[in-house]
Structure formats: structure tokens, C-alpha cells
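Here is what each chain is made of, one letter per residue.
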Amino acid sequence: MRPVRTLVASITLALTAASVGAAATATAEDHGGHHASRGASYTFAVIGDVPYGADQIAAFPRWIQQINDDPAVQSVVHVGDIKNGSSVCSDEYFQMIRSDFNMFEDPLVYTPGDNEWTDCHRTNNGAYNPLERLAKVRDLFYDHPGRTLGQDTFRVESQARRGFPENVVYSRAGLTFVAANVTGSNNGLQPWSGLGNTEPTPEQRRAVAQRTRADIDALSSAFRTAKQEHSRGVVVMQQADMFDPTYTPTWNDIGAFQSWVQALIDESSRFRGPVYLFDGDSHAYNTDKPLAAGSPWLTTYGVRGSADNLTRVTVDGSSNNNDYLRVTVGGRDEPVLSWERVPYTS
């Protein structure tokens with residue numbers, strides 16, 4: 001990996017963007033922003049597992065500018081993994097990515113991935129305590145809980161008071177959105193081998209259990225909001241690909257997702273509209289219905305019921321990161337969501 005961009009440039013960009021962002025807080029979004037754009041045309045971009053390695057680190061600002069220049073895009077979602085899995089989880093790197101995030105002109109919703117905290121125990125990541133790294137991610141990327149990132153911002157319902165500022169719920173264009181910290185590496189339960197552990201530590205188990213409860217509460221809150229507001233659909237955003245079609249997982253790979261998968265089924269099956277799950281993690285674009293009746297994933301997870309109305313979309317990432325996903329909310333007589341992969345041009 002080439003050296004991180006100079007600290008001076010990062011600080012300059014951060015201060016400039018912070019100034020713009022502060023001015024943007026006095027926009028119309030502050031007045032009923034939670035319900036803004038209901039029934040209107042709305043488009044958002046989804047990215048994930050980016051930037052990975054020196055070439056993508058160099059290209060990332062150009063890709064951000066291309067998304068900024070897309071006249072259709074009104075907000076952006078990053079579904080986690082702001083670095084690859086074999087590089088150091090340093091404060092300096094996190095600061096650089098935060099400065100990059102400040103370049104987004106539209107509101108940015110970011111949910112953490114395993115590479116920036118769960119997997120930081122690895123020796124080549126710096127042998128950090130993953131929970132310490134998650135605390136750093138929270139301090140740096142969620143320093144204004146209840147608001148998105150980006151130069152323009154809007155309000156979100158946050159679990160910051162519970163210690164989970166990354167878990168947010170918001171409404172746009174007649175849809176309800178929820179971002180939850182559900183990560184790869186078995187939702188953070190894989191042993192911290194870089195620290196000499198062969199089993200999850202008690203501290204690790206408690207943290208996974210607490211975060212999963214918070215995730216499920218955020219999901220339930222989103223569906224309550226959707227019913228109260230008569231939302232056309234619900235959009236769930238997370239990092240982990242719990243239904244990776246490219247390999248046969250063991251329970252040690254996926255067992256910690258079981259209660260979250262059951263919650264997705266329970267909430268989705270009681271909701272009359274479509275549910276969309278956007279994730280990253282496995283790096284290759286894919287769309288499917290992993291929780292529909294007859295899906296083998298229902299047996300794999302040992303869950304009850306099914307959710308025929310849930311569609312999962314995985315975005316390109318890592319070496320496949322040649323595009324962003326442009327997602328559009330349809331009109332009343334159109335599909336609730338449609339999407340296309342937009343190639344990066346530089």
C-alpha cells in the first residue's frame with residue numbers, strides 16, 4: 001500500500017468539509033426531514049467494500065466526485081469495509097477515509113464492516129483489540145449522532161444513547177430505511193486469533209449479544225415506523241453477506257446471524273410491502289430471495305417461517321469495485337425500487 005496521504009491535506013479537506021457541513025444543517029431537511037420527499041422521485045447510491053488497496057485509495061476521491069456529479073443521486077449509502085482485510089487499522093487511515101467521506105456532497109449513511117474493526121486483531125492489521133477499534137470508528141464517523149455524514153445532512157433516529165450510534169432509522173420518499181451494524185466474520189464472533197485466542201472471549205460474546213439485541217431493536221423500530229407512516233417498503237442496510245452463494249458455510253461461519261435472520265423473517269412476513277436488504281462483504285453483485293419459502297437458507301439457519309417479500313442485493317466490491325449502484329424509488333404504479341450498476345469512468 002502506498003503511504004497515506006499527508007496529514008496536512010487531510011486536515012485541510014476535513015476542515016473545509018466540516019465548514020460546509022455546518023452551514024448545510026440549516027436547510028429544509030431540519031424541518032420535517034424525517035418525512036421529506038414522500039411520494040416524490042428519489043434516487044440513492046449504494047457502495048461497499050471500498051477502497052481496497054493503494055490503487056483504490058488513490059481513485060476513491062475521483063469516484064466520490066463522479067457520484068457527486070450524478071444529478072439523480074440524492075443520498076449515498078456505504079455498506080461497510082473501508083479497507084481491505086490485510087492492512088493496518090490505524091487511526092491515520094481512519095482519519096483519511098473520514099476526510100474522503102467529507103467530500104460527499106449528498107448525505108452519507110455509513111454502516112461499519114468487519115475489516116475496520118472485527119478483523120483488526122490480525123497481525124497484519126496491527127493486532128488491535130477489535131472492540132477498541134469499533135469505539136474509534138464510532139468516535140470518528142459518528143461524532144454527530146442523529147445526523148448523517150456528508151456535506152449536506154439529514155436527521156436520523158439513532159441508538160447513540162444506547163452506545164450504538166451507527167444504528168439508524170430514517171424515512172425518504174415513502175420508504176423506511178434502517179442501517180444496522182451486522183458484520184462479516186460471523187457477526188464479530190470469530191475468535192481473535194491475532195491476539196492468541198482460539199475461542200471467542202467472554203468480552204467478545206457479551207459485545208456480540210448486546211449489539212445483536214440493538215440491531216434487532218433498530219429493525220423492529222423501522223418496521224413500526226413503516227406501519228405508522230404507511231410506507232411502501234422497507235430498506236435494510238448492513239455489511240454482512242449472510243447468504244453468500246459462492247461457498248457452503250459452517251455454523252462457525254454464520255451461527256451468530258441466526259437471531260438476526262429470524263428477526264428479518266418475523267418483521268418482513270408481517271409487513272404488506274416489499275423489503276430490500278442491501279449488503280456487501282462477498283464483493284460480487286447479486287440479487288436473490290434468500291428467505292423465500294423453499295430456500296435452503298431457511299434450513300441452514302434453522303429458522304421459522306419465510307419472507308417471500310424480501311429481496312437481497314449485494315453490491316460489487318474489492319477487485320470487482322468498478323461501479324456504484326444507483327437505486328431509484330418508483331412512482332405509484334411502478335416497482336418500489338429499481339437499480340442499475342453505473343461504471344466508474346476514472
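Residues numbered from 1 in each chain as written. Predicted model: local features only at pLDDT ≥ 70, side-chain atom pairs only at ≥ 80, totals over all residues. Heavy atoms only, no water.

## Considering the pattern of salt bridges
Here is step 1: Using the criterion set out here, one finds 14 salt bridges in the structure.
Here is step 2: The closest approach of N and O atoms between Glu267 and Arg270, which form a salt bridge, is 3.7 Å.
Here is step 3: Judged by its relative accessible area of 11%, Glu267 is buried.
Here is step 4: If you follow the salt bridges from partner to partner, you end up with Asp91, Glu132, Arg133 and Lys136 in one network. (Salt bridge = Lys/Arg side-chain N within 4 Å of Asp/Glu carboxyl O. Buried < 20%, exposed > 50% of the residue type's maximum accessible area, 1.4 Å probe, protein only.)

## Focus: the packing of aromatic side chains
Here is step 1: On inspection of all chains with the given rule, the structure shows 18 aromatic pairs.
Here is step 2: On the basis of an interplanar angle of 45° and a centroid distance of 5.8 Å, the ring pair of Tyr324 and Tyr344 is categorised as tilted. Of the two residues, Tyr324 is situated in strand E11 (residues 323–329) and Tyr344 in the segment after strand E12 (337–343); the sequence distance between them amounts to 20 residues.
Here is step 3: Given the relative accessible area of 2%, Tyr324 is considered buried.
Here is step 4: The structure contains a cluster of three or more aromatic residues connected by ring pairs, namely Phe44, Phe154, Tyr170, Phe177, Tyr276, Phe278 and Trp339.
Here is step 5: Its guanidinium or amino end placed over the ring of Tyr128, Arg133 lies 4.5 Å from that ring's centre, counting from NZ or CZ.
Here is step 6: Above the ring of Phe154, the side-chain terminus of Arg172 is found at 3.9 Å from the ring centroid. (Phe/Tyr/Trp six-rings, centres within 6.5 Å; stacked < 30°, edge-to-face > 60°. Helix = DSSP H or I, 4+ residues; strand = E, 2+ residues; numbered from the N terminus. Lys NZ or Arg CZ within 6 Å of the ring centre and 35° of its normal.)

## Regarding empty space enclosed by the protein
Here is step 1: If you walk through the whole model with that rule in mind, you get 3 cavities of 30 Å³ or more.
Here is step 2: The computed volume of the largest cavity comes to approximately 120 Å³.
Here is step 3: As for the largest cavity, its lining consists of 15 residues, of which Tyr142, Arg147, Thr148, Leu149 and Val168 are closest to the centre.
Here is step 4: Those elements that provide at least two residues to the lining of the largest cavity are strand E3 (108–110) and strand E5 (164–172).
Here is step 5: Looking at the lining of the largest cavity residue by residue, the classes come out as 10 nonpolar, 3 polar and 2 charged.
Here is step 6: By volume, the second largest cavity amounts to about 50 Å³.
Here is step 7: What lines the second largest cavity is Val46, Ile47, Gly48, Tyr285, Val315, Asp316, Asn321, Asp323, Tyr324, Leu325 and Arg341. (1 Å grid on protein atoms, 1.4 Å probe; cavity = no way out; pocket = protein on both sides within 12 Å on 5 of 7 lines; lining within 4 Å. Points joined across faces, edges and corners; volume = space filled by probe spheres on them. Nonpolar A, V, L, I, M, F, W, Y, C, P; charged D, E, K, R; others polar.)

## Some details on the side chain of Arg232
Here is step 1: Here Arg232 lies in the loop between helix H6 (202–228) and strand E7 (233–237).
Here is step 2: A polar contact is formed between the side chain of Arg232 and the backbone oxygen of Gly330, at a distance of 2.7 Å.
Here is step 3: At 3.4 Å, the side chain of Arg232 and the backbone oxygen of Glu334 are in polar contact.
Here is step 4: Setting aside chain neighbours within four positions, we find Arg232 in contact with Gly174, Leu175, Phe271, Gly273, Pro274, Val329, Gly330, Gly331, Arg332, Glu334, Pro335 and Val336. (Polar contact = N/O pair within 3.5 Å; in protein donor to acceptor, adjacent residues only side chain to side chain. Contact = heavy atoms within 4.5 Å.)

## Brief notes about the packing of H6 against helix H8 (residues 258–269)
Here is step 1: Taken N-terminus to C-terminus, the directions of H6 and H8 make an angle of 10°; their axes are 10 Å apart at the nearest point. Taken as axis vectors, H6 and H8 run roughly parallel relative to one another. Taken together, the residues of H8 that come into contact with H6 (itself represented by Thr212, Asp215, Ile216, Leu219, Ser220 and Phe223) are Ser259, Trp260, Ala263, Leu264, Glu267 and Ser268.
Here is step 2: Partitioning the contact of H6 with H8 into residue classes produces 6 nonpolar, 4 polar and 2 charged. (Axes fitted to C-alpha atoms, helices over the stretch in contact; angles between N-to-C directions. Parallel < 35°, antiparallel > 145°, perpendicular 65-115°, else oblique.)

## Observations regarding the state of the cysteines
Here is step 1: For the structure on display, the rule yields 1 disulfide.
Here is step 2: The residue that forms a disulfide with Cys89 is Cys120, at a sulfur-sulfur distance of 2.1 Å. Because the torsion about its S-S bond is -90°, the bridge between Cys89 and Cys120 counts as left-handed. Of this pair, Cys89 sits in the loop between strand E2 (75–78) and helix H3 (91–101) while Cys120 sits in the loop between E3 and helix H4 (130–141), and the two are 31 residues apart along the sequence. Exposure class is identical for Cys89 and Cys120. Each is buried. (Disulfide = S-S within 2.5 Å.)

## Digging into the sheet that holds E7
Here is step 1: Spatially, 7 strands are ordered E4-E5-E6-E7-E8-E10-E9 in an open sheet, and the strand pairing comes out mixed. Two strands lie at the open edges of the sheet, namely strand E4 (157–159) and strand E9 (286–288), each paired on one side alone. Ignoring strand direction, the axes of neighbouring strands in this sheet form an average angle of 15°.
Here is step 2: Two elements, E9 and strand E10 (residues 310–314), share 3 bridges in a ladder whose sense is antiparallel. Following the sheet pairing, Thr287 is matched in E10 by Val313. (Pairing = 2+ DSSP bridges.)

Coordinates in, geometry out; function isn't part of it.
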